[in-house]
Amino acid sequence: TRWGELVKLGQMDRVWAKREGKTGKVRRVVANNAILEAIALWQQSDPTIWLDSSGFVFTGQRGQICTATVNHWVKGWCKFIGLQGQFGARSLRKTWAFQQLQAGQSLTLIMKMLGHSSEEITLRYVGITEQQQEEAYKGVNL
């Protein structure tokens, strides 16, 4: 994300289109009130960072932050708190999807937000097994 995209987001609309690097698909991203407030605070705290609208918002010592950097951070955070397992940037996305499903969000909507082509892929992605689905059916008494 570049600074210019955030400026437009705060001035015009809550929605902007982002092209996925991996798939090339265009995804509409919606900013909630918390995001717009954070952008406004950021703008007030350091007006000079907005002068170069082509610059990246999230940068590190070597430039734009990439997935490998986020993977490194997540692994470090997990190690710091003693969390066992294989975690990375993708874990954050999967956790978000699983939490949306647990909160009662529509599977079809989650599928679309993740850019998946089927609900089956989304269920597999969030770790819902066929056995868990069968157990859910067993609990239904009509």
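For clarity, every value in this text was computed on a predicted model and none was experimentally measured. (Residues numbered from 1 in each chain as written. Predicted model: local features only at pLDDT ≥ 70, side-chain atom pairs only at ≥ 80, totals over all residues. Heavy atoms only, no water.)

A. Quick peek at the overall build of the protein chain. Counting its secondary structure elements, the protein chain contains 7 helices and 4 strands. Taken against the 2.2 N^0.38 rule, which gives 14 Å for 142 residues, the C-alpha radius of gyration of the protein chain at 19 Å runs more than 25% over that of a compact globule. Counting all 142 residues of the protein chain, 20% fall into the buried class. Taking contacts inside the protein chain between residues at least 6 apart in sequence as the whole, the part at least 24 apart equals 34%. For the protein chain, the accessible surface area stands at approximately 10,900 Å², while carbon and sulfur atoms represent 55% of it. (Helix = DSSP H or I, 4+ residues; strand = E, 2+ residues; numbered from the N terminus. Rg over C-alpha atoms; globule rule 2.2 N^0.38 Å. Buried < 20%, exposed > 50% of the residue type's maximum accessible area, 1.4 Å probe, protein only. Contact = heavy atoms within 4.5 Å. Areas by Shrake-Rupley, 256 points an atom, 1.4 Å probe, with all protein chains shown as cover.)

B. The pattern of salt bridges, seen in detail. Counted according to the given criterion, the structure contains 1 salt bridge. Between Glu-120 and Arg-124 there is a salt bridge; the shortest N-O distance is 3.8 Å. In this pair, Glu-120 and Arg-124 are both assigned in helix 6 (residues 119–126), 4 residues apart and thus about one turn of the helix distant. Judged on exposure class, the residue Glu-120 and its partner Arg-124 are both exposed. (Salt bridge = Lys/Arg side-chain N within 4 Å of Asp/Glu carboxyl O.)

C. Examining the nonpolar core more closely. Ranked by size, the top nonpolar core spans 8 residues in total: Ala-97, Leu-107, Ile-110, Leu-114, Leu-123, Tyr-125, Val-126 and Ile-128. Contributing elements (two or more residues each) for this core: helix 5 (107–114) and helix 6. Residue contacts for Leu-123: discarding those within four places in its chain leaves Leu-101, Leu-107, Ile-128 and Gln-133. (Core = buried A, V, L, I, M, F, W, Y, C linked by side-chain atoms within 4.5 Å.)

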